[in-house]
Amino acid sequence: MNKQNKRERLLAKSREYLGEFVYGGIDGSVTTFAVVAGSAGGGLDTKVVLILGIANMLADGLSMGIGSYLSTKSSMHNFSRLKNEVALDYKKNRSGFMKVLEGIVGKMGFEGKMKDDVVKKIGENKDVAVDVVLKHEHEEVLEQSHPVWNGVMTYAAFVLVGFIPLLTYIFQDALNLGDEQLFPLSCLFTSIGFVLIGVLKSVLTEENIFRAVAETLMLGGVAALVSFYVGDILEKLFV
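Residues numbered from 1 in each chain as written. Predicted model: local features only at pLDDT ≥ 70, side-chain atom pairs only at ≥ 80, totals over all residues. Heavy atoms only, no water.

All right, on to the overall build of the protein then. Along the protein, the regular secondary structure elements total 10 helices and 0 strands. The helix and strand sequence of the protein, counted from the amino end, reads α-α-α-α-α-α-α-α-α-α. Over its C-alpha atoms the protein spans a radius of gyration of 25 Å, topping by over 25% the 18 Å that the globule rule assigns to 239 residues. With the principal axes as the frame, the protein shows a C-alpha extent of 80 × 35 × 30 Å. Scored against the burial criterion, the 239 residues of the protein give a buried share of 36%. In the protein, once contacts between residues fewer than 6 apart in sequence are set aside, the share between residues at least 24 apart is 74%. Total accessible area on the protein stands at roughly 14,500 Å², and carbon and sulfur atoms take up 62% of it. Averaged over its 24 positive side-chain charges, the protein has a centre that lies 13 Å from the centre of its 27 negative ones. (Helix = DSSP H or I, 4+ residues; strand = E, 2+ residues; numbered from the N terminus. Rg over C-alpha atoms; globule rule 2.2 N^0.38 Å. Buried < 20%, exposed > 50% of the residue type's maximum accessible area, 1.4 Å probe, protein only. Contact = heavy atoms within 4.5 Å. Areas by Shrake-Rupley, 256 points an atom, 1.4 Å probe, with all protein chains shown as cover. Lys, Arg positive; Asp, Glu negative; His and termini not counted. Charge placed at Lys NZ, Arg CZ, Asp CG, Glu CD.)

Structure below.
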């Protein structure tokens, strides 16, 4: 039983970190590709594209990582505060607490003597009773992942996937690519990245894989189109 609980906790943590990677990766690819598309629409030099893309990727990635860290930490703090309040209610207002527990058990389908027995059994163990009330009455569960690791995972995903749109610009000389080839190839590589992220997203959310991939591609495509044409318009206005 202990091994099963450990396995379940490990799977829960893995899903939490996978979630951070997926959403960090989506933001990283969309944000960097938007910069590349805007720069391409504005006809900017390759070096300018790299400067803007890398600076934006590192800064926004850090901001995302810090945001994930603070969000997770805040969630854990709120859970701890609420748990202390429920535990205090268990200690000082047992009759009220047990009525809440009765309502929860009743909603589970237990009735009569069986309901009374279940309520009594749960109520005998403070930790179990508090967890049941937290989960079913307040819809709160303990955060499985660590704030620092959540932040690191989000930042790492943002940077790793965010590099994809810049690859053709970084390796232009090594691959002997012409300027006219850079943006189309960046679109191709970024699309592949979107597909992979979409596949991971479908695993995480258990949704249809084709729907998840299409949604991710559409998100990136819309961001790229807007950035490209805004860059094109601004280039015509100010250059």
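This part covers the pattern of salt bridges. Scanning the entire structure with this criterion turns up 5 salt bridges. Among the salt bridges present, the one from Asp117 reaches Lys113, with a minimum N-O distance of 3.0 Å. Of this pair, Asp117 and Lys113 are both found in helix H4 (residues 112–124), 4 residues apart, which corresponds to roughly one turn of the helix. For Asp117, a relative accessible area of 38% translates into the label partly exposed. The partner of Glu207 in a salt bridge is Lys201, with the nearest N and O atoms 2.7 Å apart. Members of the salt-bridge network, linked through shared partners, are Lys201, Glu207 and Glu215. (Salt bridge = Lys/Arg side-chain N within 4 Å of Asp/Glu carboxyl O.)

Here we come to the environment of Gly67. Along the polypeptide, Gly67 turns up in helix H2 (residues 46–92). By relative accessible area, Gly67 is classed as partly exposed at 37%.

Below, the discussion takes up helix H10 (residues 209–238). Structurally, the α-helix is built with 3.6 residues per turn, so residues lying three or four positions apart point the same way. Along its 30 residues, H10 runs 43 Å from first to last C-alpha, staying within 8% of the 44 Å computed at 1.5 Å per residue. Of all the residues in H10, the buried ones are Ala212, Val213, Thr216, Gly220, Ala223, Ala224, Ser227, Gly231 and Asp232. (Expected span 1.5 Å × (residues − 1).)

All right, on to the confidence of the model for the protein then. On average, residues of the protein score 84 in pLDDT, and 92% of them reach the 70 mark or higher. Mean pLDDT across the elements of the protein ranges from a minimum in helix H1 (residues 2–41), with 75, to a maximum in helix H7 (residues 167–170), with 92. (pLDDT = per-residue confidence, 0-100.)

With 14 residues, helix H3 (residues 94–107) should reach 20 Å at 1.5 Å per residue; the first-to-last C-alpha distance of 20 Å fits that figure. For H3, the complete set of buried residues consists of Phe97, Met98, Leu101, Ile104 and Val105. With its buried residues spanning 115° around the axis, H3 presents them on a single face. Opposite the buried face of H3, at more than 90 degrees from it, the exposed residues are Ser95, Lys99 and Lys107. Packing partners of the buried residues in H3 comprise H2, H4 and helix H5 (126–136). Among the residues trailing H3, Gly109 stands out with phi positive, at a value near 105°. (Arc of directions from axis to C-beta.)

This part covers the side chain of Ser39. By the element assignment, Ser39 lies in helix H1. If near-sequence neighbours (up to four positions away) are discounted, Ser39 is found in contact with Leu44, Val49 and Leu52.

A word on the packing of aromatic side chains. The full count for this structure, using the stated rule, is 4 aromatic pairs. Ring plane angle 90° and centroid distance 5.1 Å describe the contact between Tyr90 and Phe97, whose orientation is recorded as edge-to-face. Both residues of the pair, Tyr90 and Phe97, count as buried. A ring pair is formed by Phe183 and Phe228, whose centres lie 5.6 Å apart and whose planes are at 15°; its orientation type is stacked. Here Phe228 lies in helix H10 and Phe183 lies in helix H9 (residues 179–205), a separation of 45 residues in the sequence. Among the residues examined, Phe228 registers a relative accessible area of 26% and is labelled partly exposed. These aromatic residues form a ring-pair network of at least three members: Phe33, Phe183, Phe228 and Tyr229. (Phe/Tyr/Trp six-rings, centres within 6.5 Å; stacked < 30°, edge-to-face > 60°.)

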